[in-house]
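Below are the chains, spelled out letter by letter.
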Amino acid sequence: MQLREAILGRHTTNGHFKPDPVSLEHQHRLMEAASRAPSHFNSQPWRFVLIDDDATRGQIAEIAGRTMHQLMAGGKFFTRYRRYFRFSKQEMAERRDGIFIDKLPGPLRPFVKHVFSETGQKVVNTLRVPNTLGKDNRKLVEGSPLLLAAMLTREEYREGELSGFYSLLGMGMAIENIWLTTLDLGMGIQFISTPMEFPEAWAELRELLQIPEELELIAMYRLGYLPDDAKRPTIDWTSSHRKRLSQYVFRNTCATPEADADPNFGEVPGS
Ligand SMILES: Cc1cc2nc3c(=O)[nH]c(=O)nc-3n(C[C@H](O)[C@H](O)[C@H](O)COP(=O)(O)O)c2cc1C
């Protein structure tokens, strides 16, 4: 696979994976890719847990589903993240950032614009959206043959210090290497971030994975091979647009936005 093709084709997998286990060879290819990322002074501050055991995956899925439900039912999600949501394809095409919920059950569609108001939240709860999302999330995680915990050593990840900042940069690059490698292996990957919204759930994960004091749990992912017929979850979103050059690049100083040479730059690849 060509590098550009991989970079433009990289995306989040919101749907199910094949149930087939991820081969050990492929798991190690992913870890090899992570290890080739740059790190300050070649410190390689990342550590990973590869989770393929049924019972542990089941427990993580329960935590993921529960926290998704909690996040959606409590109203925290809509107040905290409102600014990232777009309500039409046109809005998405103009701003070219954020998330557009493009798959919703029929009865919910008329409410989509009001979902961020107090009444909207009541409707969301009455229509049991948090239950649907929680159940979907649990099933998605449980059905993912490989889960991945990404950690940093506390020796390097020291908050407020440059080494802490450098470690996070390095970790981001290691994850991107993993992500790009999934494309080469016919796999997909998705963040599992909802447990991070609740410190007690994050602590549960730490305990479950027996993470020692000297390591900090940074992020969780679910991975697997992509199915031939990808079925989308009941409620789903798209975020494939990217900004035009003039919206995020400058020439020489920040006073001069870069000119847009290609009118299709930032369009959804392949569309
Ligand atoms: C720090 C971070 C946390 C994220 N958390 C989630 C998450 O919990 N669930 C999810 O589906 N995607 C999550 N994402 C993925 C973004 O939503 C996604 O990358 C973005 O919308 C662009 O879509 P794409 O990856 O398909 O190009 C996260 C990304 C980052 C960098």
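Refer to the structure presented above.
The text that follows walks through the structure, step by step, so that each part is easy to find. (Residues numbered from 1 in each chain as written. Predicted model: local features only at pLDDT ≥ 70, side-chain atom pairs only at ≥ 80, totals over all residues. Heavy atoms only, no water.)

Points about the packing of helix H3 (residues 54–73) against helix H7 (residues 129–142)
Packed helix pairs are characterised by how far apart their axes lie and by the angle those axes make with each other. At a minimum axis separation of 8 Å, H3 and H7 run at an interaxial angle of 160 degrees. Accordingly, the angle class assigned to the pair H3 and H7 is roughly antiparallel. Regarding H3 and H7, the two cross each other, and that crossing is right-handed. On H7, the residues that touch Arg57, Gly58, Ile60, Ala61, Glu62, Ala64, Gly65, Met68, His69, Met72 and Ala73 of H3 are Pro130, Asn131, Leu133, Gly134, Asn137, Arg138, Val141 and Glu142. Residues belonging to the contact of H3 with H7 are distributed by class as follows: nine nonpolar, six polar and four charged. (Axes fitted to C-alpha atoms, helices over the stretch in contact; angles between N-to-C directions. Helix = DSSP H or I, 4+ residues; strand = E, 2+ residues; numbered from the N terminus. Parallel < 35°, antiparallel > 145°, perpendicular 65-115°, else oblique. Left-handed = near helix turned anticlockwise from the far one by under 90°. Contact = heavy atoms within 4.5 Å. Nonpolar A, V, L, I, M, F, W, Y, C, P; charged D, E, K, R; others polar.)

Comments concerning the site of the ligand
Every residue lining the ligand is accounted for by Arg10, His11, Thr12, Gln190, Phe191, Ser193, Trp237, Ser239 and Arg242. Within the side chain of Gln190, a nitrogen or oxygen atom sits 2.7 Å from an oxygen atom of the ligand. Between the ligand and Arg242, the relevant distance is 2.7 Å, taken from an oxygen atom to a side-chain nitrogen or oxygen of the residue. In terms of residue class, the shell around the ligand is built from two nonpolar, five polar and two charged. (Near = heavy atom within 4 Å. Polar contact = N/O pair within 3.5 Å; in protein donor to acceptor, adjacent residues only side chain to side chain.)

Section: the nonpolar core
Ile60, Leu217 and Met220 are the most contacted members of the largest nonpolar core, which totals 33 residues. At the level of secondary structure, the elements contributing two or more residues to this core comprise H3, helix H4 (76–81), H7, strand E4 (146–153), helix H9 (199–208) and strand E6 (215–225). Per-element accounting of this core gives the leading share, seven residues, to H3. Ignoring anything within four residues of it in the chain, the contact list for Met220 reads Ile51, Ile60, Leu148, Ala149, Gln190, Phe191, Ile192, Trp202, Leu205 and Leu209. One finds Met31, Leu148, Met171 and Leu185 within the second-largest nonpolar core, a separate group that totals 25 residues. (Core = buried A, V, L, I, M, F, W, Y, C linked by side-chain atoms within 4.5 Å. Buried < 20%, exposed > 50% of the residue type's maximum accessible area, 1.4 Å probe, protein only.)

Here we look at helix H6 (residues 118–126)
Residues Gly120, Gln121 and Val124 constitute the buried set of H6. Each buried residue of H6 lies within a common arc of 100 degrees when the element is viewed along its axis, so the set occupies one face. Away from the buried face of H6 by more than 90 degrees, exposed residues Glu118, Thr119, Lys122 and Thr126 are located. For H6, the secondary structure elements touched by its buried residues are H3, H4 and H7. Phi turns positive one or two residues past the end of H6, at Arg128, with a value near 60 degrees. (Arc of directions from axis to C-beta.)

Regarding the pairing of E4
Counting buried residues along E4, eight of its eight residues qualify, which places the element largely inside the surrounding structure. Here E4 shows two buried faces, one formed by Leu146, Leu148, Ala150 and Leu152 and the other by Leu147, Ala149, Met151 and Thr153. As paired elements, strand E1 (residues 46–51) and E4 share six bridges and run antiparallel to each other. Bridging across to E4, Ile51 finds its partner in Leu147. (Pairing = 2+ DSSP bridges.)

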